[in-house]
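Here is how the chains run, residue by residue.
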Amino acid sequence: MDRHIREFLNRLSYATITIATLILIVLFLQTPETCVPHGSPAKPHLRFPRSSCDSSPRELLTIEKKNKRLWSTKSWRNKVESYITFFKEFQDLGLLHNHSKVLCVSVGAGHEVMGLSQMGVGDVTGTEMVDSPPLVSRADPHNLPFFDHVFDLAFTAHFAEALFPSRFVSEMERTVRPGGVCVLIVEECGDEEVREIAGLFGRSRFVSAMNVTLTGLRMTRIIMKTKIST
Ligand SMILES: *[C@@H]1O[C@H](CO)[C@@H](O)[C@H](O)[C@H]1NC(C)=O
Ligand SMILES: *[C@@H]1O[C@H](CO)[C@@H](O)[C@H](O)[C@H]1NC(C)=O
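Criteria and cut-off values
Residues numbered from 1 in each chain as written. Chains lettered and ligands numbered in written order. Predicted model: local features only at pLDDT ≥ 70, side-chain atom pairs only at ≥ 80, totals over all residues. Helix = DSSP H or I, 4+ residues; strand = E, 2+ residues; numbered from the N terminus. Buried ≥ 20, exposed ≤ 12 C-beta atoms within 10 Å, placed from the backbone. Contact = placed C-beta atoms within 7 Å. Near = placed C-beta within 6 Å. Nonpolar A, V, L, I, M, F, W, Y, C, P; charged D, E, K, R; others polar. Axes fitted to C-alpha atoms, helices over the stretch in contact; angles between N-to-C directions. Parallel < 35°, antiparallel > 145°, perpendicular 65-115°, else oblique. Left-handed = near helix turned anticlockwise from the far one by under 90°. UniProt positions renumbered as here; feature names shortened; annotations may be inferred. Pairing = 2+ DSSP bridges. Core = buried A, V, L, I, M, F, W, Y, C linked by C-beta atoms within 7 Å. Right-handed = clockwise from strand over helix to strand, strands pointing away.

**A look at the overall build of the chain**
Thought 1: Secondary structure assignment for the chain yields 6 helices and 7 strands.
Thought 2: Burial status across the chain gives 27% buried among its 230 residues.
Thought 3: Of all intrachain contacts in the chain linking residues separated by at least 6 positions in sequence, the fraction that spans at least 24 positions is 58%.

If you want it as structure tokens, here you go:
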């Protein structure tokens, strides 16, 4: 009985080895054709690395290099200059100091953040749906990741792109301290639209609306001051 079982097991393993070998041979003979037609131009970036530390062909553009390139363009510098001129007026109005904590919402690549920093404002936070370090962190304007009342001034030049304007406004308002200000830049508009936008604020009083030129565009600047008693 024992012998029979051993013979059976032996035969089984021979059969298994044979099947495995056959499968290997079939796989080896049926190496699939590549999809790249013969004679097509070589793609050096697609070639298989020769060793695990083969790092030669890829061009690595560091964030520092990218920023350096972007920040040295004329259009970047002009926009930053324009923001500096714009924010100087807030210093004259006594609404902005070097020690102010400033939040800039939906800043794109962060021109206003750089402008404020260059003016000497030490604590500037810029947010956008896509981050671009070191100027801009990622945050949803409808759900800002900041505590209540932490900023002296909240600014946005991109209110027009807000998906939910009243939510956008209430988030700015929430993060600003009582007595602080929210500043909105919108496309040039009249009193009617200004009233509508100011009406979105629940805990602030209207300070002023004024037509300004910012980055070469005619815009309207709306200033709201957060009420002290809430
Ligand atoms: C603010 O900072 C800038 C740049 O550091 C400096 O030139 C300016 O004098 C400072 N302003 C005040 C009021 O301290
Ligand atoms: C801005 O300028 C436009 C066109 O001149 C005018 O109709 C509007 O009332 C101005 N808005 C403000 C807030 O002064």
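After that view, the rundown keeps rolling.
**Focus on the site of ligand 2**
Thought 1: What surrounds ligand 2 is the set Glu188, Gly190, Asp191, Val194, Ala209, Met210, Asn211 and Thr220.
Thought 2: For the shell around ligand 2, the secondary-structure elements that each account for two or more residues are helix H6 (191-198) and strand E6 (204-214).
Thought 3: Counting residues per element, the shell around ligand 2 draws most heavily on E6, at 3 residues.
Thought 4: For the shell around ligand 2, the per-class residue count stands at 3 nonpolar, 3 polar and 2 charged.

**Describing the packing of helix H3 (residues 74-92) against helix H4 (residues 111-119)**
Thought 1: For the pair H3 and H4, the least separation of the axes is 8 Å and the interaxial angle reads 60 degrees. The orientation of H3 with respect to H4, classified from their angle, is oblique. Between H3 and H4 the crossing geometry is right-handed. Along its contact with H3, which presents Trp76, Lys79, Val80, Tyr83, Ile84 and Phe87, the element H4 presents His111, Glu112, Met114, Gly115, Leu116, Gln118 and Met119.
Thought 2: Across the contact of H3 with H4, the residue classes break down as 8 nonpolar, 3 polar and 2 charged.

**Here's the deal with the UniProt feature "transmembrane region" (unreviewed entry) in the chain**
Thought 1: According to UniProt, the "transmembrane region" (unreviewed entry) feature falls on residues 12-29.
Thought 2: Across residues 12-29, helical content stands at 100% and strand content at 0%; the span's end C-alpha atoms are separated by 26 Å.

**What to know about unusual backbone geometry**
Thought 1: The omega torsion of the bond from Pro133 to Pro134 falls at 5 degrees, within 30 degrees of zero and hence cis.
Thought 2: Not every positive phi belongs to a glycine, and Ser106 is a case in point at roughly 55 degrees.
Thought 3: Structurally, the position occupied by Ser106 is in the loop between strand E1 (101-105) and H4.
Thought 4: Using a count of 21 C-beta atoms within 10 Å as the deciding quantity, one classes Ser106 as buried.

**Let's talk about the sheet that holds E1**
Whenever strands of a sheet pair, they do so through backbone hydrogen bonds, lying parallel or antiparallel.
Thought 1: Taken together, 7 strands build an open sheet; the order of strands is E3-E2-E1-E4-E5-E7-E6 and the sheet is mixed. The outermost strands of the open sheet, each flanked by one partner alone, are strand E3 (136-138) and E6. Within the sheet, the average angular offset between the axes of one strand and its neighbour, ignoring direction, is 25 degrees.
Thought 2: With 4 bridges connecting them, E1 and strand E4 (residues 151-156) associate as parallel partners.

**Comments concerning the nonpolar core**
Thought 1: Ranked by internal contacts, the top residues of the largest apolar core, which has 39 residues, are Val102, Cys104, Val113, Leu153, Ala154, Met172 and Cys182.
Thought 2: Of all the secondary structure elements, the ones that give two or more residues to this core are H3, E1, H4, E4, helix H5 (165-175), strand E5 (176-187) and strand E7 (217-226).
Thought 3: Top contributing element to this core by residue count: E5, with 6 residues.

**A short note on the pairing of strand E2 (residues 123-128)**
Thought 1: When you tally the buried positions in E2, you get 5 out of 6 residues, the bulk of the element.
Thought 2: With 4 bridges connecting them, E1 and E2 associate as parallel partners. Bridge pairing links Leu103 to Thr125 in E2.
Thought 3: Regarding topology, H4 serves as the crossover connection from E1 to the parallel E2, and that connection is right-handed.
Thought 4: Sheet analysis places E2 next to E3, joined by 3 bridges and oriented parallel. Looking at E3, one finds that Thr127 is bridged to Ser137.

**Considerations on the environment of Ile223**
Thought 1: Mapped onto the secondary structure, Ile223 falls in strand E7.
Thought 2: Ile223 sits in the partly exposed class, given 19 other C-beta atoms within 10 Å.
Thought 3: Sequence separation between Ile223 and Phe155 is 68 residues, and the spatial gap between their C-alpha atoms is 9.4 Å.
Thought 4: If sequence neighbours within four positions are ignored, Ile223 has contacts with Val181, Val183, Val207 and Ser208.

**Overview of the environment of Glu81**
Thought 1: Residue placement: Glu81 occurs in helix H3.
Thought 2: Linking Glu81 and Gly115, residues 34 residues apart in sequence, is a C-alpha distance of 6.8 Å.

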